[in-house]
Every structure is written in C-alpha cells, then in structure tokens.
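Chain by chain, the residues:
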Amino acid sequence: MLKRTPLLANIIGGAMAILVILIFEEPGRPFTMGQGLLLYLLCVVTSMGIAMFFDPNAKKAKEEFLKINFYEEKK
Amino acid sequence: MQVGHVAVAFVVSSFAPELTGGRIAVFSLESIIVSFVAHWLPNFDVIPIWLKIAKDSFHCTWSHSLLFVAAVGLILLPINVGWASLAVASLIIHLMADMPSSVGLPILMPWRKRFTVNLWADTGHSGWVAFKGTYMQAWTWLLEGGAFVVLFVRAYQEGVWPFI
C-alpha cells in the first residue's frame, strides 16, 4: 500500500462524513461529537476503497488472486 | 464479502416491518436473529468442507442459488410468514453481496452457469488467506464500509444505539 493511500482515505472520508450529515441529519436532532467521530471512522473505512483505486498495489493484488483457483481439486 | 455481512444483516433487520408487512418490529431481537441466521445460512456450506464430507468446489453452489432461497422460504412459510419474508430477503441480499466476487454464483442451479459482477478476485471460502486477500482489494473496502455507513444512518433514523 502506498503511503498516500490512508491519507487520501482520510480526506475523502471527511468529505463523505460531511455529506452524510448534510443529507441525513434531522433538524433538532444533531449528531453528538462521538456519533460524528464514529461516522467519520466508518467513512474513512469506505473511502479506503476509493483511495485504493489509485494504488497500483491493490490492482496488482487483484490480478494475482485472479490467477489462483481456490476450488481446484487437490490431487 | 466478509465482515460486511454483519452490517448487511443488521440493515436487513432495520427494514423488518417493511419486508414483513409489519409482522416483525424494526431492530427487534426476532428480526436480528432471523436476518442473521438466514443471511449466514448459505455460508454454512463450508461446514461439510471442513468435515471433509464435501470438496472445496461445493462452496458457493447449491446454497448460493435461487432454488435454496425458495426452499428456505417454503419451509418457513407454514411456520411464520414474517420469518419467511425476512429470510428470503436476507438470502437474496446475501447472494447480491457475494455476486461481485470473481468466482461468480450459480444462482440458477441446477444450471451451473455462474454469474458475477467481478469487482474483486475470489480468495477462497475460509481462512486467513481468504480474509487478508479480500481486504487487499479496493471494492471490498468500498462496499463493506458502505454497508456500515448505511447501518449507521438506519440506526440514526430508527433511534437505536448509539442514538438513544
């Protein structure tokens, strides 16, 4: 994994968390700091996927696993 | 999909009233148990593999088909209509969650053609290699993390923990 991948995930995750709050937060029922932090962590996990699209190692891992047949009969 | 199945099963239970015509309450113990058991049922096909009764190739075959979904639904229908509806929904969503794997699912068994969206490479049915390999790929993080974000929003909307 490239060093920039988690950093990119944090930036995208922050933007995603703000977007989720803007869309789903109900007036008069704001998220607490803890809930916001939990949402941010979940969004960072999700954003890891987006960040990994720009990481050649993730693509390489997929290509390597595609070469293996895990269900081949053992002789 | 690995850990994401937990979030997906909870999300299904969050829609229990809609899926069962109001027979089962949202996030109730009943809805959670039925959703989880039904959602994990297809993966119990690894048990005969672990017991060396079946070959590795048995994974993701009959238990991941629409025939299996129909069988479970028909068995539960005379027992409890709500359980049957929720179980069928959970099973279909399990198939959808596994469909992005490159191995594909023979959903139209006994026709053996496998269908896949091919978003991530298959890494085997169980074990550390399967687990680690899954999380070396981008789409698994995106979809599984996304499932947890959806669960967070559903918990907020329904006012359950951590939103009490």
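## Remarks on the overall build of chain B
The helix and strand inventory of chain B stands at eight helices and zero strands. Helices and strands appear in chain B in the N-to-C order α-α-α-α-α-α-α-α. A globule of 164 residues ought to have a C-alpha radius of gyration of about 15 Å, and chain B, at 16 Å, matches this closely. Here the C-alpha coordinates of chain B stretch approximately 45 × 40 × 30 Å along the principal axes. Counting across all 164 residues of chain B, residues that qualify as buried make up 39%. If you take every contact in chain B between residues at least 6 apart in sequence, the share linking residues at least 24 apart comes to 51%.

## Regarding the nonpolar core
One finds Leu39(A), Cys43(A), Val8(B), Leu86(B), Ala87(B) and Phe148(B) to be the most contacted residues of the largest nonpolar core, which totals 48 residues. Sorting elements by how many residues they give to this core places helix 8 (residues 138-158) of chain B first, with nine residues. Not counting the four nearest positions on each side in its chain, Val8(B) is found in contact with His39(B), Ile93(B), Ala97(B) and Ala147(B).

## Looking at the interface of chain A and chain B
Tallying the contact residues gives 22 residues for chain A and 26 residues for chain B. Mapped by element, the contributors of at least two residues to the side of chain A that touches chain B are helix 1 (4-24), helix 2 (33-52) and helix 3 (56-66) of chain A. For the side of chain A that touches chain B, the per-class residue count stands at 17 nonpolar, three polar and two charged.

## Considerations on helix 8 of chain B
Across its 21 residues, helix 8 of chain B extends 30 Å between first and last C-alpha, which sits within 8% of the 30 Å expected from 1.5 Å per residue. Directly beyond the C-terminal end of helix 8 of chain B, a positive phi value near 65 degrees is found at Gly159(B).

## Section: the confidence of the model for chain B
All names here are of chain B. Put simply, chain B has an average pLDDT of 91, and 100% of its residues get 70 or more. Ranking the elements of chain B by mean pLDDT puts helix 7 (residues 128-134) last with 85 and helix 5 (residues 66-76) first with 95. With pTM at 0.89, the complex prediction returns an ipTM value of 0.90.

## Looking at the packing of helix 1 of chain A against helix 2 of chain A
All names here are of chain A. Where helix 1 contacts helix 2, the two axes come as close as 7 Å, and the packing angle between them is 125 degrees. With respect to helix 2, the axis of helix 1 lies oblique. Taken as a pair, helix 1 and helix 2 cross one another with a handedness that is right-handed. Contacts between helix 1 and helix 2 pair Thr5, Leu8, Ala9, Asn10, Ile12, Gly13, Gly14, Met16, Ala17 and Val20 from the former with Leu39, Tyr40, Cys43, Val44, Thr46, Ser47, Met48, Ile50, Ala51 and Met52 from the latter. Residue classes in the contact of helix 1 with helix 2 are distributed as 14 nonpolar, six polar and no charged.

Scoring rules and cut-offs
- Within each chain, residue numbers correspond to sequence positions counted from 1 in written order.
- Here every chain gets a letter starting at A, and every ligand a number starting at 1, in the order they are written.
- Local features in this predicted model are restricted to residues whose pLDDT is 70 or higher, and side-chain atom pairs enter the listing and the counts only when it is 80 or higher, whereas totals over whole chains, interfaces and linings include all residues.
- Only DSSP runs of H or I covering at least 4 residues are called helices, and only runs of E covering at least 2 are called strands; the numbering of each starts at the N terminus.
- Taken over C-alpha atoms, the radius of gyration is set against a globule rule of 2.2 Å times the number of residues to the power 0.38.
- Think of it as a crowd count around each C-beta: if 20 or more other C-beta atoms lie within 10 Å the residue is buried, if 12 or fewer it is exposed, and in between it is partly exposed, with C-beta placed from the backbone throughout.
- Two residues form a contact once the distance between their C-beta atoms, set from the backbone, is within 7 Å.
- To form a nonpolar core, buried Ala, Val, Leu, Ile, Met, Phe, Trp, Tyr and Cys residues must be joined through C-beta atoms within 7 Å.
- Each residue is assigned to one class: nonpolar for Ala, Val, Leu, Ile, Met, Phe, Trp, Tyr, Cys and Pro, charged for Asp, Glu, Lys and Arg, and polar for all the others, Gly among them.
- Multiplying 1.5 Å by the helix residue count minus one yields the expected span of that helix.
- The predictor attaches a confidence to each residue, called pLDDT, with possible values from 0 through 100.
- Every axis in this analysis is a line fitted to C-alpha atoms, fitted for helices over the stretch in contact. Angles between the N-to-C directions lie between 0 and 180 degrees.
- Here the angle decides the label: under 35 degrees means roughly parallel, over 145 means roughly antiparallel, 65 to 115 means roughly perpendicular, and every other value means oblique.
- Whether a crossing is left-handed or right-handed is set by the direction in which the near helix is turned from the far one by less than a right angle, anticlockwise for left-handed and clockwise for right-handed.

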